[in-house]
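Breakdown of the fold
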Amino acid sequence: MSSVSTTVADGVGTITFTRPERRNALSLELLGQLSDALDAWKTDDSVAAVVITGGEDVFCAGLDLDLQSGFTDETRAAYSAACLRAYGTLLDYCKPTIAAVGGPALGGGLDIAVFCDIRVGADNGMFGYAQIKFGLTPYFSPLWRIVGLSQAKLLTFSGDRIDPQEALRIGLIDRLVPAGTVVKSATELARSIAETTTASAMNNKEMALRSPAMDPISALTYETLAYKEVIRHPEVNERIQQAFSKISSRAKKA
């Protein structure tokens, strides 16, 4: 039985976790199917942006405790490999990713959201690293780059949960929307990205991936060269001309 479902519409690929009876807890199958879907869309021009969600009520409760309590050396190694593949794919993904977080996002589930580019959260959410209470470790590096060192330490040293308002205040989520609307809100944002075209979305994602690791002068040079390259593309010039024509037409009417 599939642990995720996928759809593609209007340039947006949506991955939905489908283990509500387990609160969308992470399993080998779920992580593998998440990675498979992302890999398949890397070269699919009909997908410009990706939304990852568990629906409106539960994003993901983290590692499935049934799996964890029955770990063997073999399954523990397989789970670690599945995590490395899924999180690594998200970390260096070639297209913009948006986590639509309704309900709890805990442990490894919160990691999935953190590894996405943008997080839209609903006001029924709850966020935290529950595994800390068991003596386990989180993925600290992507978290502190989002919320800063001090807030990342607060979350990961204690394992305490925070509500959506606090998550918004510290920057853990980028937008806060009413419960029941998070998937719609994230999809609308993804469609706005898709309207720029898949090529544009991928160019901007590449810049967002590479520039933060550069010194300011190197970033300036890289971004200028990127602009110099895309401005020569015929389809870009066509879009510029179309926009100019619309503005000119409005000005004449006025």
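Going by the structure above, here's the rest.
Residues numbered from 1 in each chain as written. Predicted model: local features only at pLDDT ≥ 70, side-chain atom pairs only at ≥ 80, totals over all residues. Heavy atoms only, no water.

**Topic: the packing of aromatic side chains**
In the structure shown here, the tally under the stated rule is five aromatic pairs. Ring centres 5.7 Å apart and planes at 65° place the aromatic pair F17 and F59 in the edge-to-face group. With F17 in strand 2 (residues 12-17) and F59 in the loop between strand 3 (49-53) and helix 2 (65-69), this pair connects stretches of sequence that are 42 residues apart. You'll find F17 and F59 in the same group, each marked buried. Between Y87 and Y139, the aromatic rings sit 4.9 Å apart at their centres with planes inclined by 70°, giving edge-to-face as the arrangement. Of this pair, Y87 sits in helix 3 (residues 73-91) while Y139 sits in the loop between strand 7 (126-128) and helix 5 (140-147); the two residues are 52 residues apart in sequence, bridging distant segments of the chain. Clustering of aromatic rings is evident, with ring pairs tying together Y87, F115 and Y139. (Phe/Tyr/Trp six-rings, centres within 6.5 Å; stacked < 30°, edge-to-face > 60°. Helix = DSSP H or I, 4+ residues; strand = E, 2+ residues; numbered from the N terminus. Buried < 20%, exposed > 50% of the residue type's maximum accessible area, 1.4 Å probe, protein only.)

**Focus: helix 6 (residues 149-158)**
Listing the buried residues of helix 6 in full gives Q151, A152, L155 and T156. Down the axis, helix 6 shows its buried residues gathered within 115° of arc, on one side only. Of the exposed residues in helix 6, those oriented more than 90 degrees away from the buried face are S150, L154 and F157. Looking at the buried residues of helix 6, the elements they touch are helix 5 and helix 7 (164-170). (Arc of directions from axis to C-beta. Contact = heavy atoms within 4.5 Å.)

**As for the state of the cysteines**
As used in these notes, a disulfide is a covalent bond between sulfur atoms, one from each of two cysteines. Evaluated as defined, the whole model comprises zero disulfides. A disulfide-free cysteine, C83 has its sulfur positioned 10 Å from the sulfur of C60, the nearest such atom. Of the residues examined, C83 reaches a relative accessible area of 6% and is grouped as buried. A disulfide-free cysteine, C94 has its sulfur positioned 14 Å from the sulfur of C116, the nearest such atom. (Disulfide = S-S within 2.5 Å.)

**A closer look at the packing of helix 1 (residues 28-41) against helix 3**
Running from N to C, helix 1 and helix 3 cross one another at 30°; their axes reach a closest spacing of 9 Å. As judged from the angle between their axes, helix 1 and helix 3 are roughly parallel. Of the two possible hands of crossing, helix 1 and helix 3 adopt the one that is left-handed. Mapping the contact onto sequence places L28, L31, G32, L34, S35, D36, L38 and D39 in helix 1 and A78, Y79, A82, C83, R85, A86, T89 and L90 in helix 3. (Axes fitted to C-alpha atoms, helices over the stretch in contact; angles between N-to-C directions. Parallel < 35°, antiparallel > 145°, perpendicular 65-115°, else oblique. Left-handed = near helix turned anticlockwise from the far one by under 90°.)

**With respect to the nonpolar core**
One finds I15, I52, F59, I112, F127 and L172 to be the most contacted residues of the largest nonpolar core, which totals 46 residues. Once residues within four sequence positions are removed from consideration, F127 is found in contact with V101, A105, L106, L110, D160, R161, I162, D163, P164, A167, L172 and I173. (Core = buried A, V, L, I, M, F, W, Y, C linked by side-chain atoms within 4.5 Å.)

**A short note on the side chain of T156**
With respect to the helices and strands, the residue T156 is situated in helix 6. Given a relative accessible area of 6%, T156 falls into the buried group. From its side chain, T156 meets the backbone oxygen of A152 in a polar contact 2.8 Å long. T156 has contacts with Y129, I132, P138, F140 and L143, leaving out every residue within four places of it along the chain. (Polar contact = N/O pair within 3.5 Å; in protein donor to acceptor, adjacent residues only side chain to side chain.)

**Things to note about the packing of helix 3 against helix 4 (residues 108-115)**
Look at helix 3 against helix 4: their axes get within 9 Å of each other, and the N-to-C directions meet at 25°. By the angle between their directions, the pair helix 3 and helix 4 is classed as roughly parallel. For the pair helix 3 and helix 4, contact is made by Y87, L90 and L91 and by G108, D111, I112 and F115, respectively. Looking at the contact of helix 3 with helix 4 residue by residue, the classes come out as five nonpolar, one polar and one charged. (Nonpolar A, V, L, I, M, F, W, Y, C, P; charged D, E, K, R; others polar.)

**A word on the pairing of strand 3**
Of all five residues making up strand 3, five are buried, and the element is well covered by its neighbours. The side-chain alternation of strand 3 yields two buried faces, one formed by A49, V51 and T53 and the other by V50 and I52. Pairing of strand 2 with strand 3 involves five bridges; the strand directions are parallel. Bridged to G13 within strand 3 is V50. For the segment spanning strand 2, helix 1 and strand 3, crossover handedness is right-handed. (Pairing = 2+ DSSP bridges. Right-handed = clockwise from strand over helix to strand, strands pointing away.)

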